[in-house]
Amino acid sequence: MSWTWRPLAALAVCVLLLTGSAGCESGDAQENKNGASVSPVGKVLDDTDKEGRHYREVDKDEAPEVGIEVQPDADDSWTVRLTVSDFRFSSAGAKAKAVAGRGVAVLLVDDSPVATLRTPEYRLPAGYVPHGTHHLTARLYADDGTVWAVDGEPVESTADVTASGKGPASTPTATASTDGGR
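Because the structure is a prediction, the values reported are computed rather than measured.

This brings us to the sheet that holds strand β6 (residues 78–85). Reading across from one edge, β5-β6-β10 is the order of the three strands in this open sheet, with antiparallel pairing throughout. Each edge of the sheet is formed by a strand with only one pairing partner; in this case those strands are β5 (65–72) and β10 (121–124). Ignoring which end each strand starts from, the neighbouring axes of this sheet average 20° apart. Here β6 pairs with β10 via four bridges, running antiparallel. The residue bridging Arg81 from the neighbouring strand is Glu121, located in β10.

Encoded structure:
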């Protein structure tokens, strides 16, 4: 009777090997029919920011959010505070992989990047905000360098600030929407 179990056991092992190997993939990403990698988080769009980083589209319900508040300091520098929801800042050395709701914020002054933030607070030196009115924007990026986006628009928040160049008299004039235009 033991001889009848051997062929069945061998057949079961063969079936498991064949079906098991068909479902195995290397890594978390899958490939589409063109062989390009499809991310497990959102959809990478053809649209890019000024630095050429692609937008990573996610549903509004799954998207992180950012708000920005800017306050002048006595030495003409600025304290920038971000409020985030559905988002965690990644530590330096994080794996270059998109993970839902995780990454860094890039601080832009008049659309030029000045700092990559891994914490919600930053002291912006006075030299980045010369005399006049400027736009300070916090934009959220995934760890792979893509820009978090909803409806084709980056997840960001902008505050307009006016620097008078006379110490503490420099004041922010407005705080814009925290929903990145959504």
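Now, onward.
All right, on to the confidence of the model for the protein then. For the protein, per-residue confidence averages 80 on the pLDDT scale, and 69% of positions sit at 70 or higher. Across residues 13–37, confidence stays below pLDDT 50; counting only partners more than four residues off in sequence or on other chains, it has eleven contacts. Ignoring residues within four places in sequence, the model shows residues 167–182, a span with pLDDT below 50, making 52 contacts including any to other chains.

Applying the stated criterion to the full structure yields eight salt bridges. Between Arg123 and Asp73 there is a salt bridge, and its shortest N-O distance comes to 3.8 Å. On the criterion of sequence distance, the pair formed by Arg123 in strand β10 and Asp73 in the loop between β5 and β6 is long-range, its members being 50 residues apart. We classify Asp73 as buried; its relative accessible area is 16%. Each member of the salt-bridge network shares a partner with another, and the members are Asp49, Arg139 and Glu156.

Reading the values: the criteria
Residues numbered from 1 in each chain as written. Predicted model: local features only at pLDDT ≥ 70, side-chain atom pairs only at ≥ 80, totals over all residues. Heavy atoms only, no water. Pairing = 2+ DSSP bridges. Helix = DSSP H or I, 4+ residues; strand = E, 2+ residues; numbered from the N terminus. Axes fitted to C-alpha atoms, helices over the stretch in contact; angles between N-to-C directions. pLDDT = per-residue confidence, 0-100. Contact = heavy atoms within 4.5 Å. Salt bridge = Lys/Arg side-chain N within 4 Å of Asp/Glu carboxyl O. Buried < 20%, exposed > 50% of the residue type's maximum accessible area, 1.4 Å probe, protein only.

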